[in-house]
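Examining the three-dimensional arrangement
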Amino acid sequence: MTKIPFIFMMLSMILNACVYIEVQNTEEDSLLSSLVPYADMRIEEEKMDQMLLLNDQEVMMPIDLQMMMMPVDMAIAVPDMTLLVDGWDVEMLNTAKNAPNFTEAEKEVIFRMNQARTNPNLFKTQFVEPMLARFQGNIYVMPDGTRFQTNEGPAAVQECIRFLQNAQAVPPLQPSQVLHQSATAHAQDSSRTGIVGHDSSDGTSFENRLRSYSRANNIGENISYGLSNPLDIVVGLMVDDGVSSRGHRENIMRSTFTHAGVGIATHPTYRSLCVIDYGDSDQ
C-alpha cells in the first residue's frame, strides 16, 4: 500500500461546488443564499459580495470560495444497482427510469439521491458507515490499497452518520427536462472549454443560465469534478468532507427541491464532471 504523492493528488483534484438560490413569494422579501466551491485540503478561501436583482429587488449574494484536493474514486465500491432491492422501493426511487435524454449514469444519480432523501438511515447503513473501517488516521484507504489524505478524516463521515440518523425523509426528486438541459449545457461547456465553477465560459452567471431554461423559484446546483460513478458522486456530496456548510448535502436533502436534472461529461483537467441542477418545478 503506497500513499499517493502530492504531485499526483494535484493531478486528480476534485472540486465540488454548490449554489442555492431561494426566491420567496413576491409579497415577501426576496432571499438569496449562496454556497459555492469545495473538496478536500482547502488551499484558498475568498469572500466577495455581489449585487443581484431578484423580483425587482436588489439583494446581496455572499459567495464563499474554497478549493480543495483529493484523489479520484474516493468512495466505496459500488454494488450493482439490481442488488439494492432489499430495503429499497426501487420503482418509487427510480423516478428517472424512463426519462428521455438522460443517460443511464445520469438516471442513477437521481436514484442515489432519492435513496438518501427517502431513507437516510438505510443510506447511512449501506453506504456511509462502511467508510469508517477504511481510515488510518486521516488517510482513507481504497479497496485497491490506494491511500489519500483527507481534510477531516473519519470525523466528516461520523458527522454525516449523525446527520442521517436524525434526518427527516423527504420525497424523491422527479426528473426535469429543463433542468437536465441546463445541467447538460453547463457540463458540455465545461468539457469543451475546461472551465471550473458555475459561470459559463461566456460569463453567463449560474442564475441567468438556469433561469434561461427553468421558471422555478427556488434553484440550486451541485458540481462534482473527478468522480464518474453515480454512487461515488452522491456519497461524496453527502459526506462533504472539508465543507463546513455541508452545502452539497443541503442541496440534496432540501425539501423545497422537487425536481432535478443531471449532466455528466468528461473534463480536460479533472477527467469527469457531474452537474446537478435543482428546482421546485419541472417548468
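Since this is a predicted model, take the numbers as computed values, not measurements.

**Considerations on unusual backbone geometry**
Among all residues except glycine, the phi angle is most often negative; among peptide bonds, the trans geometry is most common. With a phi close to 50°, Arg246 is a non-glycine residue in the positive phi region. When you line up the elements, Arg246 lands in the loop between α8 (230-239) and α9 (247-253). Phi angles above zero are rare outside glycine, and Arg271 is one such case at about 75°. Relative to the elements of secondary structure, Arg271 occurs in strand β10 (residues 271-279).

**Points about the confidence of the model for the chain**
The predicted model of the chain averages 76 in pLDDT, with 70% of residues at 70 or higher. Low pLDDT, under 50, characterises residues 1-15; the stretch is placed with 49 contacts to residues that sit more than four places away or in other chains. The low-confidence segment residues 23-84, where pLDDT is below 50, has 192 contacts with residues more than four positions distant or belonging to other chains.

**Description of helix α5 (residues 154-166)**
Look at α5: 19 Å from first C-alpha to last across 13 residues, which is about the 18 Å you get at 1.5 Å a residue. Where α5 is concerned, the buried positions are Ala156, Val157, Cys160, Ile161 and Leu164. Along the long axis of α5, the arc covered by the buried residues comes to 140°, so they all point the same way. Those residues of α5 hidden inside the fold are in contact with α4 (120-128), β4 (135-136), α8 and α9.

**Structural notes on the packing of helix α3 (residues 104-118) against α4**
Their axes nearest at 5 Å, the elements α3 and α4 cross at an angle of 120°. As judged from the angle between their axes, α3 and α4 are oblique. Seen from α3, the contacting residues are Arg112, Gln115, Ala116, Arg117 and Thr118; seen from α4, they are Pro120, Phe123 and Phe127. Here the contact of α3 with α4 is composed, by residue class, of 4 nonpolar, 2 polar and 2 charged.

**Some points on the environment of Arg215**
Topologically, Arg215 is positioned in the loop between α7 (206-211) and β8 (219-225). The exposure class of Arg215 is exposed, given its relative accessible area of 66%. In this structure the C-alpha to C-alpha distance between Arg215 and Val178, which are 37 residues apart in sequence, comes to 9.1 Å.

**What about the sheet that holds β4?**
Spatial strand order, β4-β5-β6: 3 strands in an open sheet with antiparallel pairing. In the strand order of this sheet, the two ends are held by β4 and β6 (147-149), each with one partner. Where strand β5 (residues 139-141) meets β6, 3 bridges bridge the pair, whose relative direction is antiparallel. If you follow Tyr140 over to β6, its bridge partner there is Phe148.

**Regarding helix α6 (residues 177-193)**
For the α-helix, the turn length of 3.6 residues means that residues three or four positions removed from each other point alike. Look at α6: 24 Å from first C-alpha to last across 17 residues, which is about the 24 Å you get at 1.5 Å a residue. Among all positions of α6, only Val178, Leu179, His180, Ser182, Ala183, Thr184, His186, Ala187, Asp189 and Ser190 are buried. Of the surrounding secondary structure, the elements contacted by the buried residues of α6 are α3, α7, β8, β9 (259-267) and β10. Measuring from the side-chain oxygen of the N-cap residue of α6 to the backbone nitrogen of Val178 gives 3.4 Å; that N-cap residue is Ser176.

**Some thoughts on the pairing of β10**
When you tally the buried positions in β10, you get 8 out of 9 residues, the bulk of the element. As paired strands, β8 and β10 are joined by 7 bridges and run antiparallel to one another. Its bridge partner lying in β10, Ile219 is registered against Gly279. Connecting the antiparallel pair β9 and β10 is a turn made up of 3 residues.

**Focus: the packing of aromatic side chains**
Counted according to the given criterion, the structure contains 4 aromatic pairs. Considering the side-chain rings of Phe135 and Tyr140, the 5.0 Å spacing of their centres and the 70° angle between planes classify their relative orientation as edge-to-face. When its relative accessible area of 1% is taken as the criterion, Tyr140 is described as buried. Here Tyr225 and Tyr270 contribute two aromatic rings whose centre-to-centre distance is 5.6 Å and whose plane-to-plane angle is 75°, an arrangement assigned as edge-to-face.

Cut-offs and rules
- Residues numbered from 1 in each chain as written.
- Predicted model: local features only at pLDDT ≥ 70, side-chain atom pairs only at ≥ 80, totals over all residues.
- Heavy atoms only, no water.
- Helix = DSSP H or I, 4+ residues; strand = E, 2+ residues; numbered from the N terminus.
- pLDDT = per-residue confidence, 0-100.
- Contact = heavy atoms within 4.5 Å.
- Expected span 1.5 Å × (residues − 1).
- Buried < 20%, exposed > 50% of the residue type's maximum accessible area, 1.4 Å probe, protein only.
- Arc of directions from axis to C-beta.
- Axes fitted to C-alpha atoms, helices over the stretch in contact; angles between N-to-C directions.
- Parallel < 35°, antiparallel > 145°, perpendicular 65-115°, else oblique.
- Nonpolar A, V, L, I, M, F, W, Y, C, P; charged D, E, K, R; others polar.
- Pairing = 2+ DSSP bridges.
- Polar contact = N/O pair within 3.5 Å; in protein donor to acceptor, adjacent residues only side chain to side chain.
- Phe/Tyr/Trp six-rings, centres within 6.5 Å; stacked < 30°, edge-to-face > 60°.

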